[in-house]
Amino acid sequence: MKSQEIRSKFLEFFKSKQHEIVPSAPMVLKNDPTLMFTNSGMAPFKEFFLGNNTPKNPRVSDSQKCLRVSGKHNDLEEVGYDTYHHTMFEMLGNWSFGDYFKKEAIAWAWELLTEVYKIPKDILYVTVFEGDEGDGTKMDQEAFDLWKEFISEDRILKGNKKDNFWEMGDQGPCGPCSEIHVDIRSAEEKAKIDGKSLVNEDHPQVVEIWNLVFMQYNRKADKSLEELPAKHIDTGMGFERLCMVLQGVQSNYDTDVFTPLIREIETITGVKYGNDEKIDVAIRVIADHVRAVSFAIADGQLPSNNGAGYVIRRILRRAIRYGFTFLNQKEPFIYKLSETLAHQMGEAFPEIKKQDTLVHNVIKEEEQSFLRTLDQGLLLLDKVIESTDSKIVSGKKAFELYDTYGFPLDLTQLIAREKGYEINEKEFKQSMQEQKDRSRAASASETGDWITLVEDEVEEFVGYDTLSVDVKLTRYRKVTTKKDGDQYQLVFNMTPFYPEGGGQVGDKGFLEDAHGDVIYILDTKKENNVIIHYAKSLPKHLNESFKAVVNEEYRRLSASNHTATHLLHQALRSILGTHVEQKGSLVSPKHLRFDFSHFSKVDSDQLKEIEEFVNARIRENLPLEEKRNIPMQQAIDEGAIALFGEKYGDSVRAIKFGQSMELCGGTHVQQTGDVWYFKIKSEGAVAAGIRRIEAITNMAVGEYFEDVEDKFNAVKDVLKNPKDLTKAVTSLQDENAALKKQIEQLLKDKAKNMKGDLKNQITEVNGVNFLATKVDLDPTSIKNLLFELGGEIDNLFVLFATAPTKEKAMLTCYISKDLANEKGYDAGKVVRELGKLIHGGGGGQNFFATAGGKNPGGIPKALERAKDYIA
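Residues numbered from 1 in each chain as written. Predicted model: local features only at pLDDT ≥ 70, side-chain atom pairs only at ≥ 80, totals over all residues. Heavy atoms only, no water.

K.L.:
Quick one: what's the story with the sheet that holds strand 32 (residues 763-765), residue by residue and with numbers?
P.N.:
Pairing is mixed in the open sheet, where six strands are placed in the order 32-33-34-35-37-36. With partners counted over all chains shown, the strands left at the sheet margins are strand 32 and strand 36 (840-844), one partner each. Strand after strand, the sheet turns through a mean of 20° between neighbouring axes, direction not considered. Examined bridge by bridge, strand 34 (residues 796-805) and strand 35 (residues 808-815) share seven bridges and lie antiparallel to one another. Bridging across to strand 35, Thr 805 finds its partner in Lys 808. (Pairing = 2+ DSSP bridges. Helix = DSSP H or I, 4+ residues; strand = E, 2+ residues; numbered from the N terminus. Axes fitted to C-alpha atoms, helices over the stretch in contact; angles between N-to-C directions.)

K.L.:
Any details on a nonpolar patch on the surface? Residues and values, ideally.
P.N.:
A surface patch of nonpolar side chains, amounting to about 270 Å² of accessible area, comprises Val 518, Tyr 520 and Leu 522. With respect to the helices and strands, the residue Tyr 520 is situated in strand 21 (residues 518-521). The exposure class assigned to Tyr 520 is exposed, which follows from its relative accessible area of 56%. (Patch = residues over 30% accessible without salt bridge, like charges linked within 9 Å, V, L, I, M, F, W, Y side chains within 5 Å. Areas by Shrake-Rupley, 256 points an atom, 1.4 Å probe, with all protein chains shown as cover. Salt bridge = Lys/Arg side-chain N within 4 Å of Asp/Glu carboxyl O. Buried < 20%, exposed > 50% of the residue type's maximum accessible area, 1.4 Å probe, protein only.)

K.L.:
Lay out the packing of helix 17 (residues 552-575) against helix 18 (residues 604-619) with the relevant residues and their values.
P.N.:
Two numbers describe how helix 17 lies on helix 18: the axes approach to 9 Å, and their chain directions differ by 130°. The pairing of helix 17 with helix 18 is recorded here as oblique in orientation. Taken as a pair, helix 17 and helix 18 cross one another with a handedness that is right-handed. On the side of helix 17, the interface is formed by Leu 567, Leu 568, Gln 570, Ala 571, Leu 572, Ser 574 and Ile 575, while helix 18 contributes Glu 609, Ile 610, Phe 613, Val 614, Arg 617 and Ile 618. By residue class, the composition of the contact of helix 17 with helix 18 is nine nonpolar, two polar and two charged. (Parallel < 35°, antiparallel > 145°, perpendicular 65-115°, else oblique. Left-handed = near helix turned anticlockwise from the far one by under 90°. Contact = heavy atoms within 4.5 Å. Nonpolar A, V, L, I, M, F, W, Y, C, P; charged D, E, K, R; others polar.)

K.L.:
Just give me the short version of the side chain of Thr 373, but keep the residues and values in it.
P.N.:
Positionally, Thr 373 belongs in helix 13 (residues 356-386). Take Thr 373: its relative accessible area is 11%, and that puts it in the buried class. Once residues within four sequence positions are removed from consideration, Thr 373 is found in contact with Arg 317 and Tyr 405.

K.L.:
If you had to explain the pattern of salt bridges to someone new, which residues and values would you point to?
P.N.:
Evaluation of the coordinates by the stated rule reveals 43 salt bridges. Residues Lys 65 and Asp 299 are paired through a salt bridge, measuring 2.9 Å at the closest nitrogen-oxygen approach. Of this pair, Lys 65 sits in strand 2 (residues 59-67) while Asp 299 sits in the loop between helix 9 (277-298) and helix 10 (307-326), placing them 234 residues apart in sequence. Assigned by exposure class, Lys 65 and Asp 299 land together as buried.

Without other data, these values stay purely geometric and don't point to any function.
Here it is as structure tokens:
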């Protein structure tokens, strides 16, 4: 059975059980402060489990893209070494939000596996929760009794809290679960060892394929459990593992989910899968990681140096260096797999096909960049090994290579062993742990339980229509972080505060009670469909009404910049072409940032045209046309643009200014004239095929023009207020160029005159013509002089020192090429070692090298020691 059919049969089965089939949510989470990525099938439905929203249909089923590479759910290091863990994987799931419970979930799971997929009953085992004394929970007898209707008791195993109690996080909905395991070993293996003894023992052929979670408790901050008012079902079946079982193979990588990628890797690299374990691990790593990276990019997350982008970069770099080390791939090649992946999975996930060009270009650029970094790392590693007195290389130095250049320990160890050295692994691990401890301490947080004051099912957002409203505090909780200290999260029955989302920062403002006491709202975010307001303290009178007031200027400037992003998007599509798509944005009161797809640099004429286009729309004073809660398809049919990587519901909000129409939840001005003026500050590349424009509007433009005028006037003052400033600057540049030429000639003449004196200072030491002295010349003149001397004198070894300033020193070493090659003299080694005396360093070739430093006082000693290299 092909993988596409396996996926389809799952969804068709649950459709027949009155489940709504929904598309996979993006793997990248843009507006969830608690998660970077969708790491489980239930993550997109958290708001329903928490009771913060009511689903349209209480029964849902889908195949969800998931990524597990950080935090609690982290499978990265297992990937490639075993055959059943993955970074990106599909989770087939069915959910009940307060509808059916254990009876139906268990019966349907058994029906699907044994009757639809025809999995033999005698290779299946199930587990049930045995209870936990610490939590005061008993064995899940209900699940045990339900399973007895389908499977013999000796195949129903009891599992502990670690294996059979599922939790969303440290707090929140949780409950016992029942796992279904499959034993696909050979008959001979089964005869030797009973399958039940291998369940949950990480055996590659005795694996869990489906987990049925019975969500019935809420975990509180004090770790106690309370019953949920409504009980839910959350199931997750590993698609790749299911394919392994149904396709009769012994590894996920032998299924048609991975074989097309593996065959393409074999073709590109010329290696064969299945002959060498190290090569096999590398191929599995690459096949797995290219899926994770490609889908992340397709969902809107580009590799970067922080946050979710860093995670994606780290995954890709792991794949690159496995190819580099074990497949001997010194040039980019992983990007070539994107076409195979798009062809293979484009039907189930259209975004991977639509974004194929972007995925291809971004991965290729990242490969080129990291391969250059690996080359730098190799050079540094050589230097580290050279400077090592014993055969044990410092683990701290190895960690610096890892931390700065992404140079992994196993690659460092491999190269070191080839040169006869070992890495102090204990030191490396210690440095790694110290960094983790620092990171953990910096991000450590404590979150209290919600304290409910007023039962309120719906928190109404009224901020599109008003910036001030009377509210009631419905619940609050305390949060503590190292960065912000103690804060309180406040939830109201209604709010005018816009929460961070869609690129726009959250509102600030204040809360005032009838007694005149004021609490300042520092930020506003949205978590699991709840708008949360951050404050440093709690109101004194919790149960009274408050006047919630948004900072009007902060909101007005944010709205101005948000409207400008829409007009900018329209301008880019009009001037550069309709291939332009928004790839990300930041909207704050001070400025805006807009990322978009485009294949080349936007030149100055185009930037000017884009500016003029936006400002023309501003001058037209186009009114805001807002459509709230209209059907998604209706908005698209009317011409609205849906933004890249965003998750939309059935009903959406559409914003229109003239011909610009986008789906958007952000705040906007009432007419484009309120933006006042639009000014582009910069344009540049973010990644291959992705450009970024940073711009300002409104008050920031006024401040910008004032600053430009101040600088203009300052330049005029310096130039004595010329009538024609441009002519005056041009004249100054011409004069400067002429003077530079004169100086260059004078320096050449000076060097020429010095050459005779320097020749006279050369002495013979051990058959080498030697000179070490201080000279007063610029670097170019020194280089030219040395090569002239080298052309006239054989067996020459010269060290020149110069001190251009009181805090700058330079050493330059020249050795005749024949001398360097025959006697093994190395100018690079000379300047590296003597460079320490001037508090600096450098390098170069064996016949010519330079070093710079900050201590001219070390020059005499460096010159004195130069003779040691030929003694």
